[in-house]
Protein chains: 2
Amino acid sequence: MPRVVVDVVLKPEISDPQGQAVLGALGRLGHAGVTGVRQGKHFVLDVEGTPDEAELREIAETLLANPVIEDVELHLSGS
Amino acid sequence: MPRVVVDVVLKPEISDPQGQAVLGALGRLGHAGVTGVRQGKHFVLDVEGTPDEAELREIAETLLANPVIEDVELHLSGS
């Protein structure tokens, strides 16, 4: 069954307290090589038949993400 | 700067109420072609210098995910 991955990330200009908290924890635990962390959402959709990219993009941009503050990356990874 | 993506997904046998809620909403909104949804977390890490894959895997598996219920996918996507 075709599988579609949608990654939802905060726009670069939006502050990300969750990512900041992870970054702070990594620093305290000695992982100083990591200099930035952004946290987003990762959706895996099972799609019946041939994925309709336009419909999936609409789903991703309007239902899975808040387009005011979030960007969307769509990956049609095949079956 | 090298950028590393970590996707954290619930193990297949763990129930996913968030994904189920999204799936139900998509069905009610007429997107019947989507037959399954799983929701996870998506982290983007900025790494200074050459990424140390072993260290990043340890970070991902022990700090970003709960290995009891979650699986991790690590993508070293380069600079």
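Refer to the structure printed above.
Draft legend 1. Structural context of the interface of chain A and chain B. Across the boundary between the two partners, chain A contributes 28 residues, which contact 28 residues of chain B. Across the chain A to chain B interface the summed buried area is about 2400 Å²; carbon plus sulfur atoms make up 61%. A per-residue breakdown of the area chain A buries against chain B is headed by His31, Thr35 and His42 of chain A, which together make up 22% of the total. Across the contact surface, chain A and chain B share zero salt bridges.

Draft legend 2. Seen up close, the pattern of salt bridges. Going through the model one piece at a time under the given rule, you end up with 10 salt bridges over all chains. As a salt-bridge pair, glutamate 70 of chain B and lysine 41 of chain B come within 3.8 Å of each other at their nearest N and O atoms. Of the two residues, glutamate 70 of chain B sits in strand E3 (residues 70-76) while lysine 41 of chain B sits in strand E2 (residues 34-47), which places them 29 residues apart along the sequence. By relative accessible area, which is 27% here, lysine 41 of chain B ends up partly exposed. Where salt bridges share partners, they join Glu53, Arg57 and Glu61 of chain A into one cluster.

Draft legend 3. Representation of the pairing of strand E2 (residues 34-47) of chain A within the structure. Counting buried positions along E2 of chain A yields 11 of 14 residues, so the element is predominantly enclosed. As paired strands, E2 of chain A and E2 of chain B are joined by 13 bridges and run antiparallel to one another. Looking across to E2 of chain B, one finds that leucine 45 of chain A is bridged to valine 37 of chain B.

Reading the values: the criteria
- Residues numbered from 1 in each chain as written.
- Chains lettered and ligands numbered in written order.
- Predicted model: local features only at pLDDT ≥ 70, side-chain atom pairs only at ≥ 80, totals over all residues.
- Heavy atoms only, no water.
- Contact = heavy atoms within 4.5 Å.
- Buried area = accessible area lost by both parts, 1.4 Å probe.
- Salt bridge = Lys/Arg side-chain N within 4 Å of Asp/Glu carboxyl O.
- Helix = DSSP H or I, 4+ residues; strand = E, 2+ residues; numbered from the N terminus.
- Buried < 20%, exposed > 50% of the residue type's maximum accessible area, 1.4 Å probe, protein only.
- Pairing = 2+ DSSP bridges.

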